[in-house]
Amino acid sequence: TSAVKRDPNWVNAYGELAAAAQGLNLLDDARKALQTALRIDPSRPALHRRLGEVELRAGNPAAAIEHLNEARRRYPLGERGLVETVSLLVQAYDRFGDRASICREIEEYRRLDRLGTMPWAPQVDEAAERNHCPVKPS
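The rules behind these values
Residues numbered from 1 in each chain as written. Predicted model: local features only at pLDDT ≥ 70, side-chain atom pairs only at ≥ 80, totals over all residues. Heavy atoms only, no water. Helix = DSSP H or I, 4+ residues; strand = E, 2+ residues; numbered from the N terminus. Buried < 20%, exposed > 50% of the residue type's maximum accessible area, 1.4 Å probe, protein only. Contact = heavy atoms within 4.5 Å. Polar contact = N/O pair within 3.5 Å; in protein donor to acceptor, adjacent residues only side chain to side chain. Arc of directions from axis to C-beta.

## A look at the environment of serine 87
Moving on, step 1. Structurally, the position occupied by serine 87 is in helix α6 (residues 80-96).
Moving on, step 2. Residue classification places serine 87 among the buried positions, given a relative accessible area of 2%.
Moving on, step 3. In sequence terms serine 87 and isoleucine 106 are 19 residues apart; their C-alpha atoms lie 7.6 Å from each other.
Moving on, step 4. Apart from the residues lying within four places of it in its own chain, the contact partners of serine 87 are Tyr109, Trp120 and Val124.

## Quick word on the side chain of glutamate 105
Moving on, step 1. Mapped onto the elements, glutamate 105 comes out in helix α7 (residues 99-112).
Moving on, step 2. A polar contact of 2.7 Å, which involves the side chain of glutamate 105, links it to the side chain of arginine 72.
Moving on, step 3. Not counting the four nearest positions on each side in its chain, glutamate 105 is found in contact with Arg72, Val86, Leu89, Val90 and Tyr93.

## Digging into helix α8 (residues 121-130)
Moving on, step 1. Three or more residues of α8 are buried, namely Ala121, Val124, Ala127 and Ala128. The arc that holds the buried residues of α8, viewed along the axis, is 125°, so those residues lie on one side.
Moving on, step 2. Where α8 is buried, its residues touch α6 and α7.
Moving on, step 3. Backbone geometry just after α8 places histidine 132 at a positive phi near 55°.

## Considering unusual backbone geometry
Moving on, step 1. For asparagine 25, which is not a glycine, the phi torsion comes out positive at approximately 60°.
Moving on, step 2. For asparagine 25, the position within the fold is in the loop between α2 (11-23) and α3 (27-40).
Moving on, step 3. Residue class for asparagine 25 comes out partly exposed when judged on its relative accessible area of 48%.
Moving on, step 4. Notably, histidine 132 is not glycine yet its phi reads approximately 55°, a positive angle.
Moving on, step 5. By secondary structure assignment, the location of histidine 132 is in the segment after α8.

Now the structure itself:
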């Protein structure tokens, strides 16, 4: 908070403020900090991803999907944040109840994480099973 007061245009300070608020489950505060950061610099995919994650935790899957798709659009291929974003999209569509989109995102996740080594792989596999998505290729 002190850093933001000293430099109200310091995007990273808002990101850290959002992370602290999210860690304390102060989702409205985290949302506000991320929205401010994005007004200053809308090009950062991690901020869009984190806002999507906040919306997902707040029980707003439609808003989460919007922000996560914006993050995906901005991440370069091969970036670990892209894989995390797609795993969050699987969760958001799962909560939204859109089976076709869940399966599409699971397929994309598997394409990005061919070895299934990312920490989100078990959650994605559970969502695939729960939603009867095509079996993971061997």
